[in-house]
Structure formats: structure tokens, C-alpha cells
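A closer look at the structure
Given next are the chains, with one letter for each unit.
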Amino acid sequence: MRREELGSLALFLAVAEERSFTRAAAKLGLSQSALSHSMRRLEARLGLRLLTRTTRSVAPTEAGERLVETLRPALDEIDGKLASLTELRERPAGTVRITTSKHAARSVLWPALDRLTAEHRDIQIELDVDAGLKDIVAERFDAGVRLGERLEKDMIAVPIGPRLRMAAVGAPGYFAERGIPRTPHDLARHNCINLRMTSAGNLYAWEFERDGRELRVRVEGQLVLNDVDLITEAAIAGRGIAFLMEDHFEPQLASGALVRVLEDWCEPFDGYHLYYPSRRQPSPAFRLVLEALRYRGQPG
């Protein structure tokens, strides 16, 4: 294979995965016209139509899809081999891309990565903070972060934080007026602050557990919010009961601005894990990130 053909195949893969000449060109740092011309030359050399172009989108043809299936693992292997060459450097270097939720980024990742990047100046970290669950292979992330109970199959998963707990809280004035719920079923008589999940668009069903008994409760109330800070403010203002990770409320619980209820129904669950494809060769930079994040505390 000639060198220019290998380059054209890499360009084709970018267009096929982005399904857009505009996005692929921006990602590659090329002009759209140069990228389009390169694709036409590749199709001419192969004698095959690889892409279907319309005014609104670009999609691989059947031949294009088969070529994508061939190229992706091959280029992943090449990337892994190239990354391993950095072991010959005196200092690990390179970019590590991680997709994560906002809570995990702030509570677990940032404290460790702040120290790591201060000590290793040749390592670049890109955190994609998104509530959605992304395909880390398709979107070219080195790793993702999820709760232990929601891990992907065929992935290596490493715990990076302690077990977590949820907390149901409200203002003292709210409970003085409306009473204190003793079981999750009592929430039906309360004004609850719902969380809109930005990834799926649905309302989060409050999850409780006690003595092995699990309950998922659909609550109702005047407010539906998709920001945890606003939910906390609304609870402090006495607008209803909020339900989030307990560390969101630590300052307000300590000061007495919020009161916790249903604590015996909020048992700990598996915390955050960093997961990455088992078939991808980790780079030295990624291994440093992994060791910096690896949780070494007590499991409970």
C-alpha cells in the first residue's frame, strides 16, 4: 500500500465516523474541499463508492461500512503501538481523553488529576463532562467513568472512588409544616423536587434500599430541575424534598440549613469506576492517570 493511500484511509474513517465533511474537516484541520477531493480520489482508486452524500448528511455505503469495520481495529492497533513508543522517552507524554459525569469529575477526578498534571508537565488531560453515556470506542475516548453497577461489558474496570450514598433532605421549616416521611411510600404526600436527566430526558426515579429490599419511587412536586445546585437551593428555600448524592448537601447538613430523612433507606452502593477497552494497549501517560485515580481506600 502506498503511503498516500494509508493517509486517505484515515481521512475516510474520520468522515465515516463523523458522518459530516464539516465536522471531519474541523477535527482533522483540513479544508472541506481538500477532504472531499481526497475522498473522490480514494473512491476512484478503489473503483467503489464509499460514501453517500446528500445536502444534509454523509453516510457510508455498504462497501464503506465494510471498510470501516476493517480500518477501525487496524488503526487502533497502530495507535497502541505508537503510544507504546513513548516508553522510550525519559518522561511520559501525550493526551488522555476521559468522558465523565460532573459529579465524578469534581469529587474524584479533578483532585487526583490536579496533582498529576502539576507533577507531569508533558501529559495533557481532556475531560468531557457530560451526563450522557457515551460510546468511548466510537468517540475515541481513552476511558470513561461510570458507577460500578452500570459498567460496560468487555471493558476493564478499575475502582476510583469509595462507595456512595444518596440523601433525601429538606429544610427544617418544610418538615415542621408537612411532617417527616418515615418510608419512601410517604413521599406521595410530599412536595418533591424532581431531577430531569439531561442524557435521556426522563425524570429520575428515586432509588431506595433497606435490608436487601429495593424500591424505585416516582415522586411528584411543583419543581422539575436539571441542575443539582438549583435543586439544593430550592430545598434550602423550603420548596420541597430533594434527593441527590449525599456529598452535595454536606455543608447545609452541617449548618442545619437542611435536615436528612429516610437515612435508613439510603444504603451505600458501588462508587465510580474508570473503564477502558481491554483490547487497547494503554499508553504510559494513561497508565500514570490510571494509577493516580485508582482507589486504595476501604471498600465500604
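A brief report on the enclosed structure follows. (Residues numbered from 1 in each chain as written. Predicted model: local features only at pLDDT ≥ 70, side-chain atom pairs only at ≥ 80, totals over all residues. Heavy atoms only, no water.)

The next subject is the nonpolar core. One finds Leu109, Trp206, Phe208, Tyr272 and Leu274 to be the most contacted residues of the largest nonpolar core, which totals 57 residues. When residues in this core are grouped by element, the largest group, six residues, is from helix H5 (residues 102-119). Those residues in contact with Leu109 that lie beyond four places of it in its chain are Ile98, Thr100, Ala104, Leu127, Val145, Ile160 and Leu293. Among the nonpolar cores identified, the runner-up in size contains 20 residues, and Leu9, Ala14, Ala24 and Leu71 belong to it. (Core = buried A, V, L, I, M, F, W, Y, C linked by side-chain atoms within 4.5 Å. Buried < 20%, exposed > 50% of the residue type's maximum accessible area, 1.4 Å probe, protein only. Helix = DSSP H or I, 4+ residues; strand = E, 2+ residues; numbered from the N terminus. Contact = heavy atoms within 4.5 Å.)

With that out of the way, let us pick up the pairing of strand S3 (residues 94-100). Regular strands show a simple pattern: their side chains alternate between the two faces of the sheet. Across seven bridges, the pairing between S3 and strand S4 (residues 123-129) is parallel. If you follow Thr100 over to S4, its bridge partner there is Val129. Considered for its hand, the β-α-β crossover made up of S3, H5 and S4 is right-handed. Sheet topology places S3 next to strand S5 (residues 143-147); two bridges connect them, and they run parallel. Within S5, the residue paired with Thr99 across the bridge is Gly144. (Pairing = 2+ DSSP bridges. Right-handed = clockwise from strand over helix to strand, strands pointing away.)

This part takes up the pattern of salt bridges. Under the counting rule described, the total for this entry stands at 15 salt bridges. When the shortest N-O distance is used, the salt bridge between Glu17 and Arg72 registers 2.9 Å. Of this pair, Glu17 sits in helix H1 (residues 3-18) while Arg72 sits in helix H4 (residues 62-84), and the two are 55 residues apart along the sequence. You can call Glu17 partly exposed: its relative accessible area is 30%. As a salt-bridge pair, Arg296 and Glu291 come within 2.8 Å of each other at their nearest N and O atoms. A relative accessible area of 56% places Arg296 in the exposed class. (Salt bridge = Lys/Arg side-chain N within 4 Å of Asp/Glu carboxyl O.)

With that out of the way, let us pick up the packing of helix H2 (residues 21-28) against helix H3 (residues 32-46). If you want to describe how two helices pack, look at the angle between their axes and the distance between the axes. Put simply, H2 and H3 touch, their axes get as near as 9 Å, and they point 105 degrees apart. For the element pair H2 / H3, the angle class is roughly perpendicular. Residues Phe21, Thr22, Ala24, Ala25 and Leu28 of H2 touch H3, and the partners they reach there are Gln32, Leu35, Ser36 and Met39. Of the residues in the contact of H2 with H3, the class split is six nonpolar, three polar and no charged. (Axes fitted to C-alpha atoms, helices over the stretch in contact; angles between N-to-C directions. Parallel < 35°, antiparallel > 145°, perpendicular 65-115°, else oblique. Nonpolar A, V, L, I, M, F, W, Y, C, P; charged D, E, K, R; others polar.)

End to end, H5 covers 24 Å across 18 residues, agreeing with the expected 26 Å (1.5 Å per residue, within 8%). The largest bend in H5 comes to about 55 degrees, at Leu109, with the proline Pro111 one to four residues further on. Within H5 the residues assigned to the buried category are His103, Ala104, Ala105, Val108, Leu109, Ala112, Leu113 and Leu116. The elements touched by buried residues of H5 are S3, S4, S5, strand S12 (242-245), strand S14 (272-277) and helix H9 (284-293). (Expected span 1.5 Å × (residues − 1). Bend = angle between axes of the 7 residues up to and from the residue.)

Turning our eyes to something else, we now look at the packing of H5 against H9. Orientation of H5 relative to H9, taken along the N-to-C sense of each, is 125 degrees, at an axis distance of 9 Å. By the criterion of interaxial angle, the relationship of H5 to H9 is oblique. For the element pair H5 and H9, the recorded crossing hand is right-handed. Contacts from Val108, Leu109, Ala112, Leu113 and Leu116 in H5 reach Leu288, Val289, Ala292 and Leu293 in H9. Residue classes in the contact of H5 with H9 are distributed as nine nonpolar, no polar and no charged. (Left-handed = near helix turned anticlockwise from the far one by under 90°.)

On to the sheet that holds S12. Ordered in space as S12-S7-S13, the three strands form an open sheet in which the pairing is antiparallel. In the strand order of this sheet, the two ends are held by S12 and strand S13 (259-261), each with one partner. Each strand of the sheet is rotated relative to its neighbour by a mean of 45 degrees, with strand direction disregarded. Strands strand S7 (166-170) and S12 of the sheet are contacted by helix H7 (residues 228-236), whose axis makes an angle of about 135 degrees with S12.

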